[in-house]
Amino acid sequence: MKVRRLLPACLVPAVLGCLGSVLMALPVDAAILQFWRFDNQQNRLLFTTDSGVQPRAQLIFNPTRVVIDLPGTSLGQSTVNQQVGGAIREIRVGQFDANTTRLVIEFNPGYTIDPQQVQVLGETTRQWVVQLPEAQRIEEAAPTNPAVAGVNTVNGEPGLSAPTQVDAIIATSEGFFIRTTGDLPEINVQEIEDGDDRRIQIELPNSAISRFLTPQSLPNNRYSVARWAADLVQTDPPLTRITLYLAPESPLWRARPIPSLGGVIVLPPLGVTLASIPDQQGTAANTEAIAVPPAPPTSAPPISPPPTSTSPPNIPNVPNDRRLVVVIDPGHGGRDPGAVGIGGLQEKGVALAISQQVAAILTQQGIQVVMTRDGDYFIDLDPRVQLAEQVNADLFISIHANAINLSRQDVNGFETYYYSDAGLRLARTIHNAVLQMIDHRDRGVRRARFYVLRNTSMPAVLVETGFVTGNVDVHNLNDPAWQQRMASAIAQGILQHIQQNF
C-alpha cells in the first residue's frame, strides 16, 4: 500500500495531521460503509461505518483529487458518483480492492487546494468528516519546454503496464528518494559532463511512469539540482530514464536501489553534506500526505544497531546453536507522525525511541536485529513486511503508541495485538512481561487484522505502549526513563518467548 495515511483522532486541532494512527483495533470481519454524503454548504464530506476504521488520505494532482481509503471496509455495491458543481466535479465512492473502500473528491480542471488546510476529523472511529478549504483557481499550465532551465518534465504513457511503476520523486533530509511500486530492478546510472551541461541519468529497466508523477510534483531547485525529467524512452520492453540537471555548483550524485524501502535513494558523494549544497527552494516540492510536514526516507535499515540501553534483569538463556533474527518495526515515521496527542506528542518519536532500546538489548544477547527504520523517515507497510520476509525473520515486533478522541483523556493503558495462533503465544508472553515489570493499565491481548500482522509468515505482534491522548500515559511516554523500562520489558518478553519456543 502506497497510500499515506492521515488519521487525525478528533476535532481538536492539536491532533490534526495524525497519519496512520491506530485509534482502535479493526474488527476481524470487514467494516461496512453505511452512509456518506457531500455537504455543499459546509464544503465537507461526511461518512459513517458500522465499526471502527482507520482512514488513509492523500492529495493527488492533475486533476486535483482528495483520495480517502478505508482499509478493511466493504461498500456492498458498485461505484457511486455524486455530481457537485463549482470547483468540485464529483464525488466517487467505490470498492478499490477486496479489502478497501475508496472515496474520491475530484476537482474540476484549473482548481487546486492547500493540502495543509484539509482536515480529516473523527468524532469517533466510525463517524468521519473530511473538511475542505476553499478551492483556488490556477492558471492552466503552458506546454513545457525541456530546453528551458528550471522546468521539470514528465513524458510517459498513462496506464502502460510494467513490472515497476515510478510513482514519485521526493526531496528527503539526506537527498532524494525515487519511490516505486512492483519489482525494483537493478538500475543503470550514467554521469554526463559536457561543459555547462552536467547531468545524472538513472535508467530503470522494465519500468513505466505512474500517472501520479507530474512535472508539478518534482522537487525543482532542490540541493542544486536545477530541474528533473522523467521519460519513458522505450515501451517494449519499457524503460524509464530519470535525469537530474545539475547546477554548476552541484556535486555528482550517486544512486542505488533499496528494495526494502521500495525505491531508489539518490545521495551526494561521500563526505559531502547537504548543508554545503545550495538549495534555492528551501522546502520539499512534493506534499503527498495532507497536513503532514514532509520528511521522507533516508537510508537502508541497518542490522544490529549499537547498544543504547541497559539489559533487563533476569535475562532468559537463549539458544546459541544458530543466530535468531528478530525484526523490530517502529511504527510510522517521517511525514507520517502517527497519533498526535496531548501537548503535540507524536507517536513516531515514542515508537522509535523504545524500538531502538529493544533492539540494543536483543543485540547484546546475541540476537540478530533488523530494524525497519532507524531514523525519522517514512516506510510504507508492505516494505516492512517484505523486509521481514527477505531476512527470513524468526519474529516480527511492531511498536506503536495508541490514541483516542482527546475528549477521552481518561483512556490509558497497554494493548498487544496478534493475528495468527503463533502470534498469540508471542503476544501473551510480551504482554505478561510488560505487566510484571511496569505498573500499567492492562487493556488486554487482542486479535486484529493489521497489515503487518496478516502478511508476515513468522509470529508477529503489534505492541501499543500507551495512549498519547491519555492523561496518565502521556507523561510516561514522554519520559526517557519510562521508555527504557518499557523497552526492557518488551525485550524480556521476546527473550522469554525465544527461550520457550526455539
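The structure we're discussing is the one just above.
How each quantity is defined
- Residues numbered from 1 in each chain as written.
- Predicted model: local features only at pLDDT ≥ 70, side-chain atom pairs only at ≥ 80, totals over all residues.
- Heavy atoms only, no water.
- Helix = DSSP H or I, 4+ residues; strand = E, 2+ residues; numbered from the N terminus.
- Polar contact = N/O pair within 3.5 Å; in protein donor to acceptor, adjacent residues only side chain to side chain.
- Pairing = 2+ DSSP bridges.
- Axes fitted to C-alpha atoms, helices over the stretch in contact; angles between N-to-C directions.
- Parallel < 35°, antiparallel > 145°, perpendicular 65-115°, else oblique.
- Left-handed = near helix turned anticlockwise from the far one by under 90°.
- Contact = heavy atoms within 4.5 Å.
- Nonpolar A, V, L, I, M, F, W, Y, C, P; charged D, E, K, R; others polar.
- Buried < 20%, exposed > 50% of the residue type's maximum accessible area, 1.4 Å probe, protein only.

## Overview of the side chain of Thr363
Next up, step 1: Relative to the helices and strands, Thr363 resides in helix α1 (residues 347–364).
Next up, step 2: A distance of 2.7 Å separates a polar atom in the side chain of Thr363 from the backbone oxygen of Ala359.

## Focus on the sheet that holds strand β8 (residues 100–107)
For sheets, the rule is that strands pair by backbone hydrogen bonds, running either parallel or antiparallel.
Next up, step 1: Strand order in the open sheet formed by 5 strands is β3-β4-β8-β7-β6, and the pairing between neighbours is antiparallel. Looking along the sheet, the strands with just one partner apiece sit at the ends: β3 (56–60) and β6 (80–85). Looking at each pair of strands side by side, their axes are set apart by 15 degrees on average, direction ignored.

## Description of the packing of α1 against helix α6 (residues 480–501)
Next up, step 1: Where α1 meets α6, the closest approach of the two axes is 8 Å, and the angle between their N-to-C directions is 45 degrees. Between α1 and α6, the angle is such that the two are oblique. Crossing angle aside, the handedness with which α1 passes α6 is right-handed. From α1, Ala353, Ile354, Gln357, Val358, Ile361 and Leu362 reach across to α6, where they touch Gln483, Gln484, Met486, Ala487, Ser488, Ile490, Ala491, Ile494 and Leu495.
Next up, step 2: Grouping the constituent residues of the contact of α1 with α6 by class yields 11 nonpolar, 4 polar and no charged.

## Considerations on unusual backbone geometry
Next up, step 1: Cis geometry marks the peptide bond from Asp236 to Pro237; its omega dihedral reads -5 degrees.
Next up, step 2: Residues other than glycine seldom take positive phi values, yet Asn206 does so here, at roughly 55 degrees.
Next up, step 3: Counting through the fold element by element, Asn206 comes out in the loop between β17 (197–205) and β18 (207–209).
Next up, step 4: What makes Asn206 partly exposed here is its relative accessible area of 36%.
Next up, step 5: The phi angle at Ser224 is positive, at roughly 70 degrees, despite the residue not being glycine.
Next up, step 6: Here Ser224 lies in the loop between β18 and β19 (225–235).
Next up, step 7: By relative accessible area, Ser224 is classed as buried at 3%.

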